[in-house]
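Structure at a glance
Take a look at the letters that make up each chain.
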Amino acid sequence: MSDPGVLSFTHQGWEQVLAKVKRALVYLDAACAESLHWGCGSTRLLEAVGGPACHLREFEPTAVGGGAEQPKAVFVLSCLLKGRTVETLRDIICRSHFQYCVVVTAVNHAVHLTANHVPAAAAAELEGQQPVFEQLEEKLCEWMGNMNYTAEVLHVPLLLAPAAPHLALTPAFASLFPLLPRDVHLLNSARPDKRRLGSLGEVDATALPPELLLQIRCLVSGLSSLCEHLGVREECFAVGSLSRIIAADLANYAPAKNRRKTAAGRASVVFVDRTLDLTGAVGHHGDNLVEKMLSVLPQLPGHTNDVMVNMVELTALHTEEENWNAVAPGCLAQSSDMAGKALWEALLNTKHKEAVMEVRRHLVEAASRENLPIKMSMGRVTPGQLTTYIQLFKNNLKALVNHCGLLQLGLATVQTLKHPHTAKWDNFLAFERLLLQSVGESTMSVVLSQLLPMIKPSHQRTKDDYRPEELLILLIYIYSVSGEFTADKNLGEAEENVKKTLAQVFCEESELSPLLQKITGCDSSINLTFHKSKIAVDELFTSLRDVAGARNLMKQFKSVYVPGNHTHQASYKPLLKQVVEEIFHPEKPDPVDIEHMSSGLTDLLKTGFSMFMKVSRPHPSDHPLLIFFVVGGVTVSEAKMIKDLVPSLKPGTQVCCSPN
């Protein structure tokens, strides 16, 4: 997908919002704030609001209301206007003095009808009407205390947070993750014995809980709006069980039927379950600086895809840790800084070494333009060298303002290179390569035995040893890359040894990280007994077994492991790469594991007749635009791999990767 496609969709949505916010108090939820953050930046919103004061607030139950001098409010929300969301709206409005309220939702009215249990036939008769929004408008006036005040409720598809021309994020669906085999047991608990599911392959939309179905429908609503903006009729394909359900829902989405009839362009949308290949998500083979930034720098609060950059270096404050919170953090998103944006896109698309050199080049050029006293140095780029260049801007306010985006990325680079966890990256990579050789030559019990000595309690660990969270990453890598394995007589014993050691390590942590708190269900190591820890670890290994068996239902994409031979070492072949190569196979065979989702009787007839006549089935390579949606997220390296691989296999094809 070209740059204008993703960006103009997001910009168009935000322009509709900005047209409503003049002199308003603006409340945003986290997902919409993230879309704004990557799409056009908070500065653009503040300019549209006008006035000297900052009028942006987080949408939450405890949010401060508007005073007598603030009669107008705009609420920008990513979710359905239902349940707690409506209660929060009521609470904020009732403690305010608003006379004019605008509520913007990223979910269209058709999905609100579904959420309110309006049958499909009745919803079809309501085309052009918006009774749910109209009822809420009346409620807004009631809460403001005067039915003559003004209230508006409208839909604007704020689905995407465009991180790059080829990579668009969907922060509102960050929690949407594919099912694992163990989830079949949970689904069966709500079904009668005669309708029990045997495997993930049997799971369809009717088997899912209503909350998950609504979440999927909200996503489908946004994707349909994207296709409408692009002017395309989409063909939907899926790899994996949850992807199949999402693709089928988009293919049969009733509000999209009319726009598909008039669409001039065509596109293929391919959904892929992340669980089919978690090796790529946790591995360290991606030689990319941005991946390291996202891995080691602290997460930007309220965001799922950005980090905090410590900006104290550019102030007169001492760089001690107690001063870090005195200055607002920088970040990676540079939506309103053209030079910063250019560098960000360069970092996404280059290897680590080239990326660091690119940062130096941009800093040197910026310093030269500002006539700063720069001393050129060639050769290897070091964190100290970059820091010296960055500090040239320190006492020059004009230069700081002109190059603020570039300096944030420069400091992010320095802090990543100096971070102690970055030094471990190569250790991870070396161990993962060793594991790849072991997987082909040894049983799983032997592989786990190699890991066992690395599991050490906190008082025995050095800075080079693996923390509990890092051990979990290695375990996911082992089970995902191995896939379905033969259980030998020693496996149970090897797993039990790892479980006991890991459970003991959890108990001996002086402080539980947020991840360990979530896994163990304990907020403090004081409350964590060995018994509780062992139960949590047993659950963990049940999930790991599911991860290993995630590709069991695949016929073609059964493995991401390539055995070694006398000329090549064993290696990992990403599932996404296999899918792309299959889509653009020169002989264009009917895909085995890439399922086409029919969008009505015509498609079904075409599929049926193709068994007897020369009628070609829809194929994902048929169209000039390919949209990959990875359900569960994608890495920077994977997005770049898809962006580079598709044009090499079929020149002229535009591609966009959109993870949730």
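The name given to the protein chain in an unreviewed UniProt entry is Sec1 family domain containing 2, with Equus asinus as the source organism. Taken from UniProt, the Sequence similarities (unreviewed entry) comment for the protein chain reads in full: "Belongs to the STXBP/unc-18/SEC1 family."

A word on the overall build of the protein chain. Helix and strand content of the protein chain: 28 helices and 14 strands. Seen along its three principal axes, the alpha-carbon backbone of the protein chain occupies a region of about 75 × 75 × 55 Å. Burial analysis of the protein chain (660 residues in total) assigns 52% to the buried set. Considering only contacts within the protein chain whose residues lie at least 6 apart along the sequence, 75% involve residues at least 24 apart. Within the structure as shown, the protein chain displays about 30400 Å² of accessible surface, and the carbon and sulfur contribution to it stands at 54%. Of the side-chain charges in the protein chain, 62 are positive and 70 negative, and the distance between the mean point of each set is 3 Å.

Within strand β8 (residues 232–239), 7 of the 8 residues are buried, leaving the element largely enclosed by the surrounding structure. Sheet topology note: the β8/strand β9 (residues 265–273) ladder contains 8 bridges and is parallel. Following the sheet pairing, Cys236 is matched in β9 by Val269. Examined bridge by bridge, β8 and strand β12 (residues 595–597) share 3 bridges and lie antiparallel to one another. In the sheet register, Cys236 faces β12, and the bridge partner there is Met597.

With that settled, consider the side chain of Gln415. Among the structural elements, Gln415 can be located in helix α18 (residues 404–418). Among the polar contacts listed, one links the side chain of Gln415 to the backbone oxygen of Asn310, at a separation of 2.7 Å. With sequence-adjacent residues up to four places away left out, Gln415 is seen in contact with Leu297, Val309 and Asn310.

Core analysis: the largest hydrophobic core is formed by 109 residues, its most contacted members being Leu475, Tyr479, Leu502, Phe628 and Ile642. Apart from residues no more than four positions distant in its own chain, Ile642 is found in contact with Leu576, Val580, Phe628, Pro647, Val655 and Cys657. Core analysis: the second largest hydrophobic core is formed by 47 residues, Phe173, Val184, Ala238 and Val631 among them.

Within the fold, His37 resides in helix α2 (residues 30–39). Contacts of His37, omitting those with residues within four sequence positions, involve Leu300, His303, Asp306, Cys331, Ala333 and Ser335.

Right, let's get into helix α4 (residues 84–94). Every buried residue of α4 is accounted for by Thr85, Thr88, Leu89, Ile92 and Ile93. Across the axial projection of α4, the buried residues extend over an arc of 125°, all falling on one side. In this structure, the buried side of α4 is in contact with β1 (25–28), β3 (72–77), β4 (100–105) and α7 (131–144).

Here we come to the packing of helix α15 (residues 352–369) against helix α16 (residues 383–391). Helices that pack against each other are described as a pair by the angle of their axes relative to one another and the distance between those axes. Two elements in contact, α15 and α16, have axes separated by 10 Å at closest approach and are oriented at 25°. In terms of orientation, α15 and α16 fall into the roughly parallel class. The handedness of the crossing between α15 and α16 comes out as left-handed. Judged by residue contacts, Val356, Val359, Arg360, Leu363 and Val364 of α15 engage Gln385, Leu386, Tyr389 and Ile390 from α16. Grouping the constituent residues of the contact of α15 with α16 by class yields 7 nonpolar, 1 polar and 1 charged.

Here we take up the environment of Phe428. Its place among the elements puts Phe428 in helix α20 (residues 425–441). With 89 residues separating them in the primary sequence, Phe428 and Gln517 have C-alpha atoms 24 Å apart. If near-sequence neighbours (up to four positions away) are discounted, Phe428 is found in contact with His284, Tyr466, Glu470, Ile473 and Leu474.

Another point: the sheet that holds β3. Spatial strand order, β2-β1-β3-β4-β5: 5 strands in an open sheet with parallel pairing. One side of each edge strand has no neighbouring strand; the edge strands of this open sheet are β2 (56–58) and β5 (150–155). Taken over all neighbouring pairs, the strand axes of this sheet differ in orientation by 15° on average, direction set aside.

This brings us to the environment of Leu208. Within the secondary structure layout, Leu208 lies in the loop between α8 (181–188) and α9 (210–230). Note on Leu208: relative accessible area 6%, which makes it buried. Setting aside its immediate chain neighbours within four residues, Leu208 contacts Leu179, Leu187, Val203, Leu213, Ile216, Leu242 and Ile245.

With that settled, the discussion passes to unusual backbone geometry. You will see that Arg23, though not glycine, has its phi angle at about 55°, which is positive. Note that Arg23 resides in the loop between α1 (3–18) and β1.

On to the packing of α20 against helix α21 (residues 444–451), then. At their nearest, the axes of α20 and α21 sit 9 Å apart, and the two run at 155° to each other. Judged by the angle between their axes, α20 and α21 are roughly antiparallel. When you trace α20 past α21, the crossing you get is right-handed. Seen from α20, the contacting residues are Phe431, Leu435, Ser438 and Val439; seen from α21, they are Val447, Gln450 and Leu451. Residue composition of the contact of α20 with α21, grouped by class: 5 nonpolar, 2 polar and no charged.

Cut-offs applied
- Residues numbered from 1 in each chain as written.
- Predicted model: local features only at pLDDT ≥ 70, side-chain atom pairs only at ≥ 80, totals over all residues.
- Heavy atoms only, no water.
- UniProt positions renumbered as here; feature names shortened; annotations may be inferred.
- Helix = DSSP H or I, 4+ residues; strand = E, 2+ residues; numbered from the N terminus.
- Buried < 20%, exposed > 50% of the residue type's maximum accessible area, 1.4 Å probe, protein only.
- Contact = heavy atoms within 4.5 Å.
- Areas by Shrake-Rupley, 256 points an atom, 1.4 Å probe, with all protein chains shown as cover.
- Lys, Arg positive; Asp, Glu negative; His and termini not counted.
- Charge placed at Lys NZ, Arg CZ, Asp CG, Glu CD.
- Pairing = 2+ DSSP bridges.
- Polar contact = N/O pair within 3.5 Å; in protein donor to acceptor, adjacent residues only side chain to side chain.
- Core = buried A, V, L, I, M, F, W, Y, C linked by side-chain atoms within 4.5 Å.
- Arc of directions from axis to C-beta.
- Axes fitted to C-alpha atoms, helices over the stretch in contact; angles between N-to-C directions.
- Parallel < 35°, antiparallel > 145°, perpendicular 65-115°, else oblique.
- Left-handed = near helix turned anticlockwise from the far one by under 90°.
- Nonpolar A, V, L, I, M, F, W, Y, C, P; charged D, E, K, R; others polar.

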